[in-house]
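# Residue-level structure breakdown
Each chain, letter by letter, is given below.
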Amino acid sequence: MFTSPPDEFHVYDTTLRDGSQREGISLSVNDKLAIARHLDDLGVGFIEGGWPGANPKDAEFFRRARTELSLRTAQLAAFGSTRRPHGDAAADLAHLRESGAGIVTLVAKADVRHVERALRTTRRENLAMIRDSVLHLRGEGQRVFLDAEHFFDGYATDRAYALEVLRVAAEAGADVLVLCDTNGGMLPTQLADVVAAVVADGLRIGIHAHDDTSCAVANSLAAIDSGATHVQGTANGYGERSGNANLFSVVAALETKLGRQVLPPGRLVELGRVSHAVAELANIAPDPHQPWVGSSAFAHKAGLHVSAIKADPDLYQHIDPAVVGNDMRLLVSELAGRATIELKGRALGLEPDRDTVARVIDRVKDLESVGYSFEAAEASFELLLRAEMGQRPRYFELESWRVIVDSRPTDGGVVSEATVKLHAKGERIVATGEGNGPVNALDTALRLALHQRYPELARMDLVDYKVRIVSGAHGTEAVTRVMVQTSDGSTQWDTVGVHENVIAASWQALEEAYTSGLLRQGVQADR
Ligand SMILES: [Zn+2]
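Residue positions are given per chain, counting from 1 as you read along its sequence in written order. Reporting of local features is limited, given that this is a predicted model, to residues whose pLDDT is at least 70; pairs of side-chain atoms are given and counted only at 80 or more, and all residues count toward the totals for whole chains, interfaces and linings. Just so you know, side-chain values use all the structure's heavy atoms and leave hydrogens and water out.

### Things to note about the overall build of the chain
Condition: Secondary structure elements follow DSSP: runs of H or I no shorter than four residues count as helices, runs of E no shorter than two count as strands, and numbering proceeds from the N terminus. A simple rule labels every residue: compare its accessible area, found with a 1.4 Å probe on the protein chains alone, to the largest value its type can have, and call it buried under 20%, exposed over 50%, or partly exposed in between. Pairs of residues are marked as contacts when any of their non-hydrogen atoms sit within 4.5 Å. Here, Shrake-Rupley sampling with a 1.4 Å probe gives the accessible areas, and only protein chains in the shown set may cover a residue. All tallies of charge rest on Lys and Arg as positive and Asp and Glu as negative; His and the ends of each chain are not included. To locate a charge, the coordinates of NZ of Lys, CZ of Arg, CG of Asp or CD of Glu are taken.
Regarding its fold elements, the chain presents 18 helices and 14 strands. Projected onto the principal axes, the alpha-carbon positions of the chain cover approximately 80 × 65 × 50 Å. Every one of the 527 residues in the chain was classed for burial, and the buried ones make up 53%. In the chain, of all internal contacts separated by at least 6 residues, the share reaching a separation of at least 24 is 68%. Roughly 22,900 Å² of accessible area belongs to the chain as shown, and the carbon and sulfur atoms make up 49% of that amount. Within the chain, the 72 negative side-chain charges are centred at a point lying 2 Å from the centre of the 55 positive side-chain charges.

Right under this line is the structure:
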C-alpha cells in the first residue's frame, strides 16, 4: 500500500486556509475534518489545515486532527507568518509549534514595497525576521515551506531583493520556496520566464497562483513546466476574489496530459466524487460546467452525432471521463457506476451481487434526479445499498410526526413543539419535544421516544445541519435538500433527506442519521 507521498513532487492543498477565504464559505471544524478526509482519499500530499495563530477555530482543528484524523497519504501543514518586526521568534511562533503539524508554511514578504509600506519595517529587518523564524522552526524539528508573498510583483519591482528573500530562507533551512502570485495578475508566459530564472539558481520552487486573470491553472502548469516541483491550490478553485488555482484541474492535467503521476496510483478516479463532496460540505452548489468533474463536462447534446459518439466516444472527448471519476452523459454509465458501487460496497464490508448493483445504480439515478446527492452522504448511501440487499436494519417504524410553531407576540418568542408517534421493540411510543426550531423539536421528540429502548443514542449528537434549495430535474418544482452530520464523539457520518417540505426532508435525514448511528454501534434491530 502507498503510505507516504513521494517528495519529488508536492501536491499541496490549501482549501482549509486560503480556499475558505471565499465569500460565503464558512467551514466548521467538523467540515474541515471531513474535507481533509476527502482530500486524503484523493491522495494529495499536503493539507494546509489553517492558520492557528490567527483563528481559534484553526487551532481547534489541529488539536482535534491529532486524535480524529488518521490520514493515509497526506501530511498536515500549519500556516503562519514570520515573527513580528523586532519580535521574538520563540514567542511569536509558539502557536505553530503547538499545532503539532510536522510542516509549517511560513508566509514572508518578498515585495519590498510591502515590506516598507504594509509591514512598515526595513528591508534588513524583514530578512532577519525570515531567517530567525525559519531557523527557530527547524530547530523545533518542523519542516518549513516558505510562501514568498507577492513574489512576482516584488521581482518586477526589485529583483535583487525578491531573490535575497528566497536565498535567506533557503540558507536558514526552508525546503521549498513557493512563489506566490498573490494578486493573481500574471499571465503564463511571463510567469514561466520568472520561474525558469529562479529555478536556474538551484532552489526548490513551488507555485501559488490566484485566478484574477483566469490563468491560475495555466500559470501553475507553466511554472511546473519551468521546473517548479510543488504546486499549491484549492478544491474547485475556491478562494477569495476570483479564487485560487483549482488543484483538481492542475492534478488532472498533470496526470492525464503530461504523464506525471502526482497522486498515488488509482486515486485520480476519486476526483469527481471528492470535488462534489467538498462542494456539499462548503455548501456551494457544484458547478455543472466545471472542467474535468462537472456533470456537464462530458455531456453531449442529444441529436448531435449521437451514433458517432456511441460508435467511437473518443472522437468527441479529450479524455476518457471515467479516468477522473466522471462519465459521458449520453451513454449509460454502467461501467463507472458499477465499479464505484462495488468498491463502496466492499469498503463497507458488503458484497452486492450483479443484480443488486444494477438496482442500486437505477435507484441512485432516480433519487439524484429528484434532488438527492449521495457523494457527501455516505451513510445514506450505505442504508440504500443495505436496503437493496435486504440488510437495512429497522430500529423503529414511524407512525406519524407533527410540528407546531407557536409565536408569542407578548414577548416575541417563537417555540416549536413536535410530537412523534412510532413503534420500536414491539411498543407504540408517543413523545413530545420542544425546541428553538421545528427541526430541533423533532429531533428532541425522536430522541425522547427512543432513548429508553436505545440508550446508545445518548452518545450521538447532531453536529451540522445544512439546507439547500435544489431545482428539480425536467422543470419540476424546486425541492429542499437537507444534509445532517452526526457524531458519536470519535467518528462522524452524513445523511441526506429531500422533500418539498423542509421539515419532512429533515425528518428523513434525522431518521437515517440515527439508524446509521445504531448500526455503527452494532445494535441489533428488532427485525
Ligand atoms: Zn493565496
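### A look at the sheet that holds strand β13 (residues 479-487)
Definition in use: Being paired, for any two strands, means DSSP has found at least two bridges between them. Every axis corresponds to a line fitted to the C-alpha atoms, with the helix fit spanning only the stretch in contact, and the corresponding angles, defined between N-to-C directions, vary from 0 to 180 degrees.
Pairing is antiparallel in the open sheet, where three strands are placed in the order β12-β13-β14. The strands lining the two open edges of the sheet, one partner per strand, are β12 (461-470) and β14 (492-499). The average angle at which neighbouring strand axes cross in this sheet is 20°, direction not considered. Judged from the eight bridges that link them, β13 and β14 form a sheet pairing that is antiparallel. Paired with S487 across the strands is Q492, a residue of β14.

### Quick notes on helix α6 (residues 123-139)
Note the threshold: In this analysis, the expected span of each helix is defined as 1.5 Å times one less than the number of residues it contains.
The end-to-end C-alpha separation of α6 is 24 Å, in line with the 24 Å expected for 17 residues at 1.5 Å each. Residues E125, N126, L127, A128, M129, I130, S133, V134, H136 and L137 constitute the buried set of α6. On its buried face, α6 sits against α3 (89-92), α4 (94-98), β4 (103-109), α5 (112-118), β5 (143-149) and α8 (159-172). Two residues or fewer after α6 comes G141, characterised by a positive phi angle close to 85°.

### Focus: the packing of helix α10 (residues 216-225) against helix α11 (residues 247-257)
The condition that has to hold: Here the word oblique covers every angle except those under 35 degrees (roughly parallel), over 145 (roughly antiparallel) and from 65 to 115 (roughly perpendicular). Crossings are assigned a handedness: left-handed for a near helix turned anticlockwise from the far helix by less than a right angle, right-handed for a clockwise turn. In this classification, Asp, Glu, Lys and Arg are treated as charged, Ala, Val, Leu, Ile, Met, Phe, Trp, Tyr, Cys and Pro as nonpolar, and every other residue, Gly included, as polar.
The interhelical angle for the contact between α10 and α11, taken along N-to-C directions, is 45°, at an axis separation of 9 Å. The angle between α10 and α11 places the two elements in the oblique class. Viewed along their axes, α10 and α11 form a crossing whose handedness is right-handed. In contact with V217, S220, L221 and I224 of α10, α11 contributes S249, V250, A253 and L254. Residue classes in the contact of α10 with α11 are distributed as six nonpolar, two polar and no charged.

### Some words on the coordination of the zinc ion
Rules: Donor selection uses N, O and S atoms within 2.8 Å of the metal (3.2 Å for Na, K and Ca). Since no water is included, sites may look incomplete.
With distances of 2.0 to 2.2 Å, the protein atoms coordinating the zinc ion are D18 (OD), H208 (NE2) and H210 (NE2). Mapping the donors of the zinc ion onto the primary sequence yields the spacing D-x189-H-x1-H. With a gap of 192 residues between them, D18 in the loop between β1 (10-13) and α1 (29-42) and H210 in the loop between β7 (205-209) and α10 connect regions that are remote in the sequence. Assigned by exposure class, D18 and H210 land together as buried.

### Looking at the pattern of salt bridges
The line we're drawing: Each reported salt bridge corresponds to a side-chain nitrogen of Lys or Arg within 4 Å of a carboxyl oxygen of Asp or Glu.
Scanning all chains against the criterion turns up 34 salt bridges. E68 is the partner of R64 in a salt bridge, and the nearest nitrogen-oxygen pair spans 2.9 Å. Here R64 and its partner E68 are both found in helix α2 (residues 56-68), four residues apart, which amounts to about one turn of the helix. Neither residue differs from the other here; R64 and E68 are each classed as buried.

### Details of the sheet that holds β7
In spatial order, the strands read β1-β2-β3-β4-β5-β6-β7-β8; together these eight strands close into a barrel with parallel pairing. Here the strands of the sheet are splayed against their neighbours by 25° on average, with no regard to which way each runs. Lying over the sheet, α8 contacts β4, β5 and β6 (176-181), oriented at roughly 150° with respect to β6.

### Looking at a nonpolar patch on the surface
The line we're drawing: A patch consists of residues whose relative accessible area exceeds 30% and which take part in no salt bridge; residues with like charges are grouped when within 9 Å of each other, and nonpolar side chains (Val, Leu, Ile, Met, Phe, Trp, Tyr) when within 5 Å.
A cluster of nonpolar side chains, Y465, V467 and V502, forms an exposed patch at the surface whose accessible area comes to about 210 Å². By the secondary structure assignment, Y465 is in strand β12. A residue is classified by how much of its surface remains accessible, and Y465, at 33% relative accessible area, is partly exposed.

### So, the side chain of T234
On the secondary structure map, T234 appears in the loop between β8 (230-233) and α11. The residues contacting T234, other than those within four sequence positions of it, are D13, T14, T15, G19, N244, A245, N246, L247 and F248.

### Some words on the nonpolar core
Basically, it comes down to this: As used here, the term nonpolar core means buried Ala, Val, Leu, Ile, Met, Phe, Trp, Tyr and Cys residues forming a set that is joined through side-chain atoms within 4.5 Å.
Membership of the largest hydrophobic core comes to 86 residues, with the highest contact counts inside it found for F61, L146, F151 and F152. When sequence neighbours within four positions are dropped, the list of residues in contact with F151 reads A110, A162, L163, L166, L179, C180, V194 and V198. Membership of the second largest hydrophobic core comes to 32 residues, among which are L422, A424, I503 and Y514.

### Focus on the packing of aromatic side chains
Here is the rule we go by: Here the aromatic set is Phe, Tyr and Trp, taking the six-membered ring for Trp, and pairing holds for ring centres within 6.5 Å; pairs whose planes are under 30 degrees apart are stacked, those over 60 apart are edge-to-face, and all others are tilted. We call a charge positioned over a ring when the NZ of a Lys or the CZ of an Arg lies within 6 Å of the ring centre and within 35 degrees of the ring normal.
Throughout the structure, instances matching the rule amount to ten aromatic pairs. Centre to centre, the rings of F61 and F62 are 5.4 Å apart; their planes meet at 80°, and the pair counts as edge-to-face. Given the relative accessible area of 2%, F62 is considered buried. Pairing Y395 with Y454 gives two aromatic rings, centres 5.5 Å apart and planes at 85°, and the pair type is edge-to-face. With Y395 in the loop between α16 (378-388) and β9 (397-408) and Y454 in the loop between α17 (438-450) and β12, the pair connects residues that are 59 residues apart, well separated along the chain. Under the relative-accessibility criterion, Y395 is labelled buried at 1%. Given the relative accessible area of 0%, Y454 is considered buried. An aromatic cluster of at least three residues, connected via ring pairs, comprises Y12, F46 and F145. The lysine or arginine in question, R17, covers the ring of F79, its NZ or CZ lying 3.5 Å from the ring centre. In this structure, R123 packs its charged tip against the face of Y161, placed 5.4 Å from the ring centre.

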